[in-house]
Number of protein chains: 2
Amino acid sequence: MTTYKLHCFKESGNSYKVALALATLGVAWEKVNVDYFDGQTRQPSWRVQTNEMGEVPVLEADGRRLTQSGAILLDLAERFDALRLAEGERSEVLRWLLFDNHKFTANIASYRWLRTFAKPAPHEAVLAYMRQRTVAALEIVDRHLSTSRFIVGDRLTVADLSMVGYVYYPSEELGFDLRAEYPGIGAWMDRVAETPGWKPPYQLLA
Amino acid sequence: MTTYKLHCFKESGNSYKVALALATLGVAWEKVNVDYFDGQTRQPSWRVQTNEMGEVPVLEADGRRLTQSGAILLDLAERFDALRLAEGERSEVLRWLLFDNHKFTANIASYRWLRTFAKPAPHEAVLAYMRQRTVAALEIVDRHLSTSRFIVGDRLTVADLSMVGYVYYPSEELGFDLRAEYPGIGAWMDRVAETPGWKPPYQLLA
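Note that the coordinates shown come from a computational prediction; the quantities given were computed from them, not determined experimentally.

Student: Honestly, the overall build of chain A in this entry has me stumped. Any pointers?
Tutor: Looking only at helices and strands, chain A has 10 helices and four strands in total. Its helices and strands in sequence order give chain A the pattern β-α-β-α-β-β-α-α-α-α-α-α-α-α, from N to C terminus. By the compact-globule yardstick of 17 Å for 206 residues, chain A fits well, its C-alpha radius of gyration being 17 Å. Reported as C-alpha extents along the three principal axes, the dimensions of chain A are approximately 45 × 45 × 30 Å. Out of the 206 residues in chain A, the part that is buried amounts to 43%.

Given below as structure tokens:
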């Protein structure tokens, strides 16, 4: 049986994407805690041995080491029937997965980081710039979800698992009350949360 | 024969990625100029009819309309032998394509945009923040290319076509003299530029 080890930390929504995929698949996995705040991923030895991109998550499965949450999710989608993509879904899922990496997660995560964890605290102008970028991405997704139950069609795919990476973190961290400000996104968050195995990030990665 | 129409504008490195793929494949394509600077992609009608994500490029091929440069490149890789991915290349190519969308193109393009095109001019603190993010991404790729001829292995793949999206724009626009400051990236730029059909962005999208 495959043993899954997930190098992660609980504040990392990119880690949460993969943990949530494993949890909803009902697959057992082991957590390897990464001391991100103490600079573990910036150490040259970690970059050489674990991930040259300096990022979590890293998923170890049968001796293979996978990185980039989007690539890991696509790999899981090839290995598990519940997440397997139909021919007609594949290109739409890829498109939203890339949009997530480029604009949605990218901006939500950076803005949250700056407001909540960055030291020294960022300049006000930087916060305003990143907030405006985040709003633009949220608006596009909220509009899309006003006419679609999930990101692609009527069922959960890896596009959803990628895009929910940061949305369940506390509003104070995100700087948005997503359910109140973006009803399309809020309704989708509720639908995804009904998936058996779902837990919010600070519980799942605790 | 398939007719390719590329909705693009010459300052868009994401458009260049797709144009360069078509050019190196030796495929004929037609340019549909998008008046980005005048707000065409922000108009509700363009969003509804052309791309809800509000982005270029958009590639029309046989009545299908594809968006997101990474998804378009992966689609072309399935349709043309010269770009077809071997089983062993696929996951590495995906990983770098996602990294490109998340960190490499994402930061290079935003920083260039802010320094070169943004009106009103951004606050100094915003420029400094985006420069630092760009440097972090450039360093990771420069280190990777110090031991690899192309992004994945010894031949051009869609990972290269994605990651060169912005690197050939003029140094004054980018804010970096990439060849002088990042020799690994510089040597790779020269190797990619040897591909038959290659042209720099302002020539290819002129």
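Student: Mind showing me how you'd approach the relation of the copies chain B and chain A here?
Tutor: Two chain copies here: they are related by a rotation about an axis and a translation along the same axis. When chain B is fitted to chain A, the residual RMSD is 0.0 Å, and the transformation amounts to a turn of 180 degrees plus an axial shift of 0.0 Å. The symmetry that links the two subunits is that of a two-fold axis. A symmetric contact is evident, with 100% of the interface residues of chain B recurring at the interface of chain A.

Student: Explain the sheet that holds strand β1 (residues 4–8) of chain B here, please?
Tutor: Pairing between the strands of a sheet comes from backbone hydrogen bonds, and it takes one of two forms, parallel or antiparallel. Residues and elements named next belong to chain B. The mixed open sheet is built from four strands, whose spatial order is β2-β1-β3-β4. At either margin of the open sheet sits one strand with a lone partner, and together these are β2 (29–33) and β4 (64–67). Within this sheet the neighbouring strands show an average axis-to-axis angle of 25 degrees, counted without direction. Alignment of strand β3 (residues 58–61) against β4, held across four bridges, turns out to be antiparallel.

Student: Would you explain the interface of chain B and chain A in this entry?
Tutor: By a frequent convention, interface size equals the accessible area lost on bringing the separate parts together. Between chain B and chain A, the contact holds 25 residues from the first and 25 residues from the second. Tallying contributions element by element places helix α4 (residues 87–116) of chain B first for the side of chain B that touches chain A, with eight residues. Split into classes, the residues belonging to the side of chain B that touches chain A amount to 12 nonpolar, nine polar and four charged.

Student: What exactly am I supposed to notice about the pairing of β3(B) here?
Tutor: On a regular strand, one side chain projects to one face of the sheet and the next to the other, so that they alternate. All names here are of chain B. Pairing of β1 with β3, which is carried by four bridges, proceeds in the antiparallel orientation. The partner of leucine 6 across the bridge, within β3, is leucine 59. Hairpin connection of β3 to β4: two residues between the antiparallel strands, including aspartate 62 at a positive phi of 50 degrees.

Student: How should unusual backbone geometry be read in this particular structure?
Tutor: Comment: phi is negative for the bulk of residues other than glycine, and the bulk of peptide bonds are trans. Residues and elements named next belong to chain A. With an omega dihedral of 0 degrees, the bond running from valine 56 to proline 57 counts as a cis peptide bond. Summarising the element assignment, proline 57 is placed in the loop between α2 (44–49) and β3 (58–61). Of note, the phi angle at aspartate 62 is positive, near 50 degrees, even though the residue is not glycine. Mapped onto the secondary structure, aspartate 62 falls in the loop between β3 and β4 (64–67). Judged by the 8 C-beta atoms lying within 10 Å of it, aspartate 62 falls in the exposed class.

Student: What am I meant to see in the nonpolar core here?
Tutor: Nonpolar side chains in soluble globular proteins tend to end up buried together. Counting residues in hydrophobic clusters, the biggest one holds 118 residues, and the most contacted among them are A:Leu73, A:Val158, B:Ala21, B:Leu73 and B:Val158. When residues of this core are assigned to their parent elements, the largest contribution, 11 residues, is made by α4(B).

Student: Would you take a moment to explain helix α1 (residues 13–25) of chain B for this structure?
Tutor: An α-helix turns once every 3.6 residues. As a result, residues three or four positions apart point the same way. Residue and element names in this part refer to chain B. The terminal C-alpha atoms of α1, which comprises 13 residues, lie 18 Å apart, in line with the 18 Å expected from a rise of 1.5 Å per residue. The buried fraction of α1 is high, at 11 of 13 residues. If you check which residues of α1 are buried, you get Gly13, Asn14, Ser15, Tyr16, Lys17, Val18, Ala19, Leu20, Ala21, Leu22 and Thr24.

Student: Is there a simple way to explain the sheet that holds strand β1 (residues 4–8) of chain A in this structure?
Tutor: Residues and elements named next belong to chain A. Taken in spatial order, the four strands make up an open sheet running β2-β1-β3-β4, and their pairing is mixed. Of all the strands in the sheet, the pair left with one neighbour each is β2 (29–33) and β4. Averaged over all pairs of adjacent strands, the angle between strand axes in this sheet comes to 25 degrees, irrespective of strand direction. In terms of strand pairing, β1 meets β2 through five bridges, oriented parallel. Of the residues in β2, the one forming a bridge with lysine 5 is glutamate 30.

Student: Please clarify how the packing of α4(B) against helix α5 (residues 124–145) of chain B should be interpreted in this entry.
Tutor: Packed helices, taken two at a time, are described by the angle their axes make and the gap between the axes. Residue and element names in this part refer to chain B. Where α4 meets α5, the axes come as close as 9 Å, and the angle between the chain directions of the two elements is 145 degrees. For the pair α4 and α5, the crossing hand works out as left-handed. Contacts from Lys103, Phe104, Asn107, Ile108, Ser110, Tyr111, Leu114 and Arg115 of α4 reach α5 at Val126, Leu127, Met130, Arg131, Arg133, Thr134, Ala137 and Val141. In terms of residue class, the contact of α4 with α5 is built from nine nonpolar, three polar and four charged.

Student: Just checking my understanding: could you explain the domain arrangement of chain A for this structure?
Tutor: Residues and elements named next belong to chain A. Looking at chain A, the domain boundaries give domain 1 (4–82 + 200–204) and domain 2 (86–193). For domain 1 versus domain 2, the distance between C-alpha centres works out to 19 Å. Every contact between the two is made by 13 residues of domain 1 and, on the other side, 11 residues of domain 2. Secondary-structure elements contributing two or more residues to the side of domain 1 that touches domain 2 are α1 (13–25) and α3 (69–79). Per-class residue counts for the side of domain 1 that touches domain 2 are eight nonpolar, four polar and one charged.

Student: What should I look at first to understand the environment of A:Phe80 in this one?
Tutor: Here A:Phe80 is to be found in the loop between α3 and α4 (87–116). The spacing of A:Phe80 and A:Leu25 is 55 residues in sequence and 7.8 Å in space, taken between C-alpha atoms.

Thresholds, definitions, all that
- Residues numbered from 1 in each chain as written.
- Chains lettered and ligands numbered in written order.
- Predicted model: local features only at pLDDT ≥ 70, side-chain atom pairs only at ≥ 80, totals over all residues.
- Helix = DSSP H or I, 4+ residues; strand = E, 2+ residues; numbered from the N terminus.
- Rg over C-alpha atoms; globule rule 2.2 N^0.38 Å.
- Buried ≥ 20, exposed ≤ 12 C-beta atoms within 10 Å, placed from the backbone.
- Least-squares fit on C-alpha atoms with pLDDT ≥ 70 in both.
- Contact = placed C-beta atoms within 7 Å.
- Pairing = 2+ DSSP bridges.
- Axes fitted to C-alpha atoms, helices over the stretch in contact; angles between N-to-C directions.
- Nonpolar A, V, L, I, M, F, W, Y, C, P; charged D, E, K, R; others polar.
- Core = buried A, V, L, I, M, F, W, Y, C linked by C-beta atoms within 7 Å.
- Expected span 1.5 Å × (residues − 1).
- Left-handed = near helix turned anticlockwise from the far one by under 90°.
- Domains from an automatic or database assignment.

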